[in-house]
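# A closer look at the structure
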Amino acid sequence: MSTLLAGIDFDAPSEEVARLLIGVTLLVDGIGGRIVETEAYDREDPASHAFSGPTARNASMFGPAAHAYVYRSYGIHWCLNFVCREAGHGAGVLIRAIEPVQGLDAMRARRGLMDARLLCSGPGRVCQALAVTREHNGLSLAAPPFELLPRVGDVDVVAGPRIGISKAMDVPWRFGLRGSPHLSKPFRT
């Protein structure tokens, strides 16, 4: 049985889910926007938190598909991931950037800046703008406070190597909306 949400089978491999998430709208308590950048991770991947097996920190990554895995990066920023594959596998998609669409005033207040291009252009910024914290870890993406809305229209997805990691850096599992001004970093083309 597959876990379908926003027209995406979250039981699929993380790199497939990561590509299909580009253009999907992510809302947390009604605030958010269109996903424009993702990165895929799998337990067979040395850059993945799941690579060394389950721990207290990454347990949600091994949980059921279509749930949130939220962790603290460098002890500073929260990062939101969507769990993929069957329970026990250990795979996920990092939400790297969104194009803010709903609740811009709230996002601006949370981030302390006005420029919409900088509100959600990076995984830590996404979580700060959407008020995602450890409290969201393990929650279903199919129920409040989360809402995922399917893509509207065609999207032009570009792929490239992941960024901000020290292992498996050449794996082309970073996906983005071509030409989006809301990316965390431009793609090399």
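Attention now moves to the overall build of the protein. The secondary structure content of the protein amounts to four helices and ten strands. When the helices and strands of the protein are listed from N to C terminus, the series reads β-β-α-β-β-β-β-β-α-α-α-β-β-β. By principal-axis analysis of the C-alpha atoms, the protein measures approximately 40 × 35 × 35 Å. The buried share of the protein, reckoned over its 189 residues, is 51%. The long-range share in the protein, meaning contacts at least 24 apart out of those at least 6 apart in sequence, stands at 57%. Accessible surface, the protein as shown: approximately 8600 Å² in total, 54% of it carbon and sulfur. Where the 20 positive side-chain charges of the protein centre and where its 19 negative ones centre are 8 Å apart.

Here strand β10 (residues 174-177) shows a buried face lined by Arg 174 and Gly 176 and a second buried face lined by Phe 175 and Leu 177. Bridge count for strand β4 (residues 31-42) against β10 is three bridges, and the pairing is antiparallel. Its bridge partner lying in β10, Glu 37 is registered against Gly 176. Pairing of strand β9 (residues 157-160) with β10 involves four bridges; the strand directions are antiparallel. What sits directly across from Val 158, in β10, is Gly 176.

This brings us to the environment of Ala 59. Along the chain, Ala 59 falls in the loop between β4 and β5 (68-73). Under the relative-accessibility criterion, Ala 59 is labelled partly exposed at 42%. The sequence separation of Ala 59 and Gly 88 amounts to 29 residues, and the corresponding C-alpha distance is 9.2 Å.

Close contact between helix α2 (residues 104-111) and helix α4 (residues 123-130) brings their axes to 7 Å; oriented N to C, the two are set at 115 degrees. Between α2 and α4, the angle falls in the class roughly perpendicular. Here α2 and α4 pass one another in a crossing that is right-handed. On α4, the residues that touch Met 107, Arg 110 and Arg 111 of α2 are Arg 125, Gln 128, Ala 129 and Leu 130. Its residues placed into classes, the contact of α2 with α4 shows three nonpolar, one polar and three charged.

Our next topic: the packing of aromatic side chains. What the rule picks out here adds up to two aromatic pairs. An angle of 55 degrees between the planes, with centres 6.3 Å apart, marks the rings of Phe 10 and Phe 82 as tilted. Of this pair, Phe 10 sits in the loop between β2 (8-9) and α1 (14-21) while Phe 82 sits in strand β6 (residues 77-84), and the two are 72 residues apart along the sequence. Each member of the pair, Phe 10 as well as Phe 82, is classed as buried. Here the guanidinium or amino end of Arg 174 rests over the ring plane of Phe 187, the centre of that ring lying 3.8 Å away.

This next bit is on α4. Burial within α4 is extensive, with six of its eight residues counted as buried. If you check which residues of α4 are buried, you get Pro 123, Gly 124, Val 126, Cys 127, Ala 129 and Leu 130. On its buried side, α4 packs onto β3 (25-28), β4, β6, β7 (91-102), α2 and α3 (116-119). Backbone geometry just downstream of α4 places Ala 131 in the positive-phi region, at approximately 60 degrees.

Next up on the list: the pattern of salt bridges. One pass over the structure, following the stated rule, counts eight salt bridges. Two residues, Arg 34 and Glu 99, come together in a salt bridge whose shortest N-O distance is 3.2 Å. Of this pair, Arg 34 sits in strand β4 while Glu 99 sits in strand β7; the two residues are 65 residues apart in sequence, bridging distant segments of the chain.

Here is what the cut-offs are and how they apply
- Residues numbered from 1 in each chain as written.
- Predicted model: local features only at pLDDT ≥ 70, side-chain atom pairs only at ≥ 80, totals over all residues.
- Heavy atoms only, no water.
- Helix = DSSP H or I, 4+ residues; strand = E, 2+ residues; numbered from the N terminus.
- Buried < 20%, exposed > 50% of the residue type's maximum accessible area, 1.4 Å probe, protein only.
- Contact = heavy atoms within 4.5 Å.
- Areas by Shrake-Rupley, 256 points an atom, 1.4 Å probe, with all protein chains shown as cover.
- Lys, Arg positive; Asp, Glu negative; His and termini not counted.
- Charge placed at Lys NZ, Arg CZ, Asp CG, Glu CD.
- Pairing = 2+ DSSP bridges.
- Axes fitted to C-alpha atoms, helices over the stretch in contact; angles between N-to-C directions.
- Parallel < 35°, antiparallel > 145°, perpendicular 65-115°, else oblique.
- Left-handed = near helix turned anticlockwise from the far one by under 90°.
- Nonpolar A, V, L, I, M, F, W, Y, C, P; charged D, E, K, R; others polar.
- Phe/Tyr/Trp six-rings, centres within 6.5 Å; stacked < 30°, edge-to-face > 60°.
- Lys NZ or Arg CZ within 6 Å of the ring centre and 35° of its normal.
- Salt bridge = Lys/Arg side-chain N within 4 Å of Asp/Glu carboxyl O.

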